[in-house]
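Okay, here's what each chain looks like letter by letter:
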Amino acid sequence: MEQVMEPTLALSRDAAGSADARVVQPRPRILDDKTMLRTAAELTRDLNTPNRTFYWGDLIGSAVLGYGALVVAVLASSTLVTVLAAVVSVLALYRALLFIHEVSHMKHSALPGFRLGWNLIAGIPMLVPSFMYEGVHNLHHAKTRYGTADDPEYLPLALMKPWTLPVFILVSLLAPIGLLIRFAILSPLSWLSPKLRDLVIARYSSLSINPSFRRRVPAGEQRVLFDRLDAAASVWAIALVALVATGVIPMRGFLIGLGIGSAVALLNQVRTLVAHLWENEGEQMTVTAQYLDSVNVPPPSLLPGLWAPVGLRYHALHHLLPSLPYHSLGEAHRRLSAVLEEGSPYHKASYRSALGLMHRIGKSTMVRR
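Bear in mind the structure is a predicted one, so any value in this text is a computation, not a measurement.

Counting across every chain of the model gives ten salt bridges. In this structure, the salt-bridge partner of Glu331 is Arg334, at a minimum N-O distance of 3.2 Å. Separated by three residues within a single helix, Glu331 and Arg334 lie in helix H15 (residues 329-339), roughly one turn from each other. Measuring nitrogen to oxygen at the nearest pair gives 2.9 Å for the salt bridge that ties Arg335 to Glu331. You can see Arg335 and its partner Glu331 sitting in helix H15, four residues apart, about one turn around the helix.

Right, here's the structure in full:
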């Protein structure tokens, strides 16, 4: 999952500055490295089957730990225990929530019931049902859309003005409030007005960072699923507000939960910031160019397993092989790293840490172009 709901409403591609205010250096077109693409496909053919035990065990374990730690944080009388439990809850629920990325890519016949299970366990309780990503994220992987104005998950952040980065990150803290408004207010009102319904679907039903993106109204079975999940999330959001208003859920507990939700959104937004180099100004890119604009943070570093879980530490590799299950990405990376020679573009997408990447992007925004 690379976004929270329209977190960059204040950002636009104009923030990169006008052409006459910058010296635009032409970028040489990166051609596809056919050896890398062929090798990646051939060496990973046996890794494409999702492991049911991994998926269900990981999801359920993360959710149990996350919700359990949330209860401890709410009930604890010690501030230290509350803080420690909240940190555990943030990391565990963040991991559970990021399975939305897998849901958006998987063939549902390969893991029957997983999409429904994920929505019941994480998507609806955290007000991020799977339709917020399905039908949206796949556009980010379209070869002709990546990095262009039609990509819902891309802005040239590295080419924008310095103030855009802190805005991009900090606005994510408002995500839980935005989601409550979306599902407790806008959703039920939209059922009364077809015009408002179309607006809510187009503008407020996707995890995107491109403020100009408008999703299409789903049709057929997808519309039925959309409406059912939307209604379920709406009922839960209204019930949550009612429980807090009537004192059934203490305000302290609600605020702690809200804080944990904000921390999850903030962590995801930081991860999103370092998932790509964000250096494309709108032109179409080859698969190799898209790979090089994306980021792997492979072992031996351990921290990426926390801030980029569920395989997202191999984000560049994921763009190379988007259908590969998350639990196969580590093995795929080992195979490709061992076979592809040192000069291969494959090795150029690997970085050591998030801090180094944030420094690179921040430094880029400070340079007048």
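Right, let's get into the side chain of His140. By the secondary structure assignment, His140 is in helix H6 (residues 137-140). There is a polar contact of 2.9 Å between the side chain of His140 and the side chain of Asp151. Here the side chain of His140 touches His276 through a polar contact of 3.2 Å, side chain to side chain.

This next bit is on the nonpolar core. Ranked by internal contacts, the top residues of the largest apolar core, which has 55 residues, are Phe99, Phe114, Trp118 and Phe183. Broken down by element, this core gets its largest block of residues, seven residues, from helix H3 (residues 79-97). Phe183 has contacts with Leu127, Pro129, Phe131, Met132, Pro188, Asp230, Ala233, Ser234 and Ala237, leaving out every residue within four places of it along the chain. Listed in part, the 18 residues of the second largest apolar core include Leu292, Tyr314, Leu317 and Tyr346.

It is worth spelling out the environment of Ser62 at this point. Examined against the element boundaries, Ser62 turns out to sit in helix H2 (residues 52-75). Beyond its immediate stretch of four places on either side in the chain, Ser62 contacts Ala92, Arg95 and Ala96. At a separation of 2.8 Å, a polar atom in the side chain of Ser62 contacts the main-chain carbonyl oxygen of Asp58.

Along its 24 residues, H2 runs 34 Å from first to last C-alpha, staying within 8% of the 34 Å computed at 1.5 Å per residue. Along H2, the positions that sit buried rather than exposed are Tyr55, Asp58, Leu59, Ser62, Ala63, Gly66, Ala69 and Ala73. Taken together, the buried residues of H2 touch H3, helix H4 (99-105), helix H5 (114-123) and helix H11 (251-273). If you check the start of H2, you find a side-chain oxygen 2.9 Å away from the backbone N of Thr53, and it comes from Asn51.

Across all of its chains, the model carries eleven aromatic pairs by this definition. Through a chain of ring-to-ring contacts, the aromatic side chains of Tyr55, Trp56, Phe99, Phe114 and Tyr326 assemble into a single cluster.

Relative to each other, helix H8 (residues 175-190) and H11 sit at 110 degrees, their axes nearing to 8 Å. Here H8 is positioned roughly perpendicular relative to H11, judged by the angle of their axes. Listed contacts from H11 to Ala175, Pro176, Ile177 and Leu180 of H8 are Phe254, Leu258, Gly261, Ser262 and Ala265.

A grouping of Val83, Val87, Leu91, Leu303 and Leu306 is seen on the molecular surface, where their side chains present a nonpolar patch of about 420 Å² in accessible area. Ranked by the residues each element gives to the nonpolar patch, the list is headed by H3, at three residues. For Leu306, the position within the fold is in helix H13 (residues 304-307).

Cut-offs and rules
Residues numbered from 1 in each chain as written. Predicted model: local features only at pLDDT ≥ 70, side-chain atom pairs only at ≥ 80, totals over all residues. Heavy atoms only, no water. Salt bridge = Lys/Arg side-chain N within 4 Å of Asp/Glu carboxyl O. Helix = DSSP H or I, 4+ residues; strand = E, 2+ residues; numbered from the N terminus. Polar contact = N/O pair within 3.5 Å; in protein donor to acceptor, adjacent residues only side chain to side chain. Core = buried A, V, L, I, M, F, W, Y, C linked by side-chain atoms within 4.5 Å. Buried < 20%, exposed > 50% of the residue type's maximum accessible area, 1.4 Å probe, protein only. Contact = heavy atoms within 4.5 Å. Expected span 1.5 Å × (residues − 1). Phe/Tyr/Trp six-rings, centres within 6.5 Å; stacked < 30°, edge-to-face > 60°. Axes fitted to C-alpha atoms, helices over the stretch in contact; angles between N-to-C directions. Parallel < 35°, antiparallel > 145°, perpendicular 65-115°, else oblique. Patch = residues over 30% accessible without salt bridge, like charges linked within 9 Å, V, L, I, M, F, W, Y side chains within 5 Å. Areas by Shrake-Rupley, 256 points an atom, 1.4 Å probe, with all protein chains shown as cover.

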